[in-house]
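What follows is each chain in one-letter form.
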Amino acid sequence: MTEEKVKVLIIGSGPAGYTAAIYASRAGLNPVLVTGGEPGGQLTTTNDVENFPGYPEGINGPAMMVDLQKQAERFGTDIRYGLVTSVDFSGYPHKAVVDEKHEITADAIIISTGASAKYLGLESEAKLMNQGVSACAVCDGFFYKGKDVAVVGAGDTAAEEALYLANICPKVHMIVRRDEMRASTIMQERVKNAANIEIHWNSSTEEVLGENEVTGIRIVDNVSGEKSEIPLSGFFVAIGHKPNTDIFKDYLDTDESGYLLVEPGTSKTKVEGVFVTGDAADRVYRQAITAAGSGCMGALDAERFLAAKEFEMAQ
Ligand code: NDP
């Protein structure tokens, strides 16, 4: 195992990680950023980003992440391609192991590992990803304005996405696998009262149809076994997200879904010197802009923590 000591380690390379890196670099903290297994994060799996302020014409998701990386590098962020495979927050300073072979000891750690959308796992769904299949209606729904779409899922996210899409699409099919929804009562009522949302109860998606773009779906009635095809252009998967937080669970508190808990209004965890930013701690908003904003908070919290620590040591 090789070893090194750094002041600030940032784990993750989505908008939260890179924003933390830009702020920490400009503050002279010489951060090292370890990208994770999907450099650039969830935005690299989307096409056009039109809701990030500052891009009047929109920007391609992967291109935006390249820009963020360049901006972080411009101020001296040391970017490493690799995956943090374990951490040890039992003492201070903290430790993180990259690719099971390189141990980084850091005075402050900013966790920006994000979350991953869950998918159904169908071959056709993977084939048509970003060609009609999406896991974010707020991000991609606009591209289906005026077209028929489907949302799969029955939780609050699915209900919210269906309602969002119902405002811009003539017809929204909601594919619900049981005979009831998990979403809060008020959201269920809204969905049921929307004239252009059709709920397909007890239904599972068997296949997403289309070659280079989605042209429809084939669903199966889980009770009768009857199959039917629905022509549509957009297929939104809203069956939940999984925060990428497994490696931290021995040291940090999480909610029941695995999202890391922070002191409200800050990025501070219960371990001093460990901060969380972005989707890893955000089950509600999960937007690039909110992740970037919290990345800024993480860097500022880390900077203040380190300044206080230095002052303490000097006494
Ligand atoms: P949830 O875990 O609450 O719901 C997931 C939904 O997807 C469930 O209805 C589940 O069905 C369905 N599902 C899971 N796997 C499959 C599958 N393979 N095929 C078909 N359907 C599937 O996730 P959400 O993202 O909706 O919500 C996460 C949390 O965030 C919740 O606590 C929610 O309340 C909260 N939230 C709050 C919001 C707000 O307050 N504005 C907005 C969005 C989310 P089943 O019910 O059968 O298990």
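Residues numbered from 1 in each chain as written. Predicted model: local features only at pLDDT ≥ 70, side-chain atom pairs only at ≥ 80, totals over all residues. Heavy atoms only, no water.

Asks: What is the right way to look at the layout of surface pockets in this model?
Replies: One simple way to see leftover space: roll a probe sized like a water molecule over the atoms. The volume enclosed by the second largest pocket comes to roughly 200 Å³. Lining the second largest pocket are 14 residues, and of these Gly 278, Ala 281, Asp 282, Ser 294 and Met 297 lie nearest its centre. Broken down by element, the lining of the second largest pocket gets its largest block of residues, four residues, from helix H7 (residues 288-314). Looking at the lining of the second largest pocket residue by residue, the class counts come to six nonpolar, seven polar and one charged. (1 Å grid on protein atoms, 1.4 Å probe; cavity = no way out; pocket = protein on both sides within 12 Å on 5 of 7 lines; lining within 4 Å. Points joined across faces, edges and corners; volume = space filled by probe spheres on them. Helix = DSSP H or I, 4+ residues; strand = E, 2+ residues; numbered from the N terminus. Nonpolar A, V, L, I, M, F, W, Y, C, P; charged D, E, K, R; others polar.)

Asks: I'm lost on helix H1 (residues 15-26) in this one. Help?
Replies: Residue pairs spaced three or four apart in an α-helix point in one direction, given the helix's 3.6 residues per turn. With 12 residues, H1 should cover 16 Å at 1.5 Å per step; its first-to-last C-alpha distance of 16 Å lies within 8% of that length. For H1, the tally of buried residues reaches 10 of 12 residues, placing the bulk of the element in the interior. Residues of H1 that are buried: Pro 15, Ala 16, Gly 17, Tyr 18, Thr 19, Ala 20, Ala 21, Ile 22, Ala 24 and Ser 25. Tucked into the core, H1 has its buried residues touching strand E1 (2-11), strand E2 (32-34), helix H2 (61-74), strand E5 (78-80), strand E8 (102-111) and H7. Downstream of H1 by one or two residues, Gly 28 has phi in the positive range, about 75°. (Expected span 1.5 Å × (residues − 1). Buried < 20%, exposed > 50% of the residue type's maximum accessible area, 1.4 Å probe, protein only. Contact = heavy atoms within 4.5 Å.)

Asks: What is the right way to read the side chain of Ser 203 from this model?
Replies: The topology assignment puts Ser 203 in strand E14 (residues 203-209). Reaching out from Ser 203, the side chain makes a polar contact with the backbone oxygen of Trp 201 at a distance of 2.8 Å. Ser 203 has contacts with Ile 175, Val 176, Arg 177, Ile 219, Val 220 and Asn 222, leaving out every residue within four places of it along the chain. (Polar contact = N/O pair within 3.5 Å; in protein donor to acceptor, adjacent residues only side chain to side chain.)

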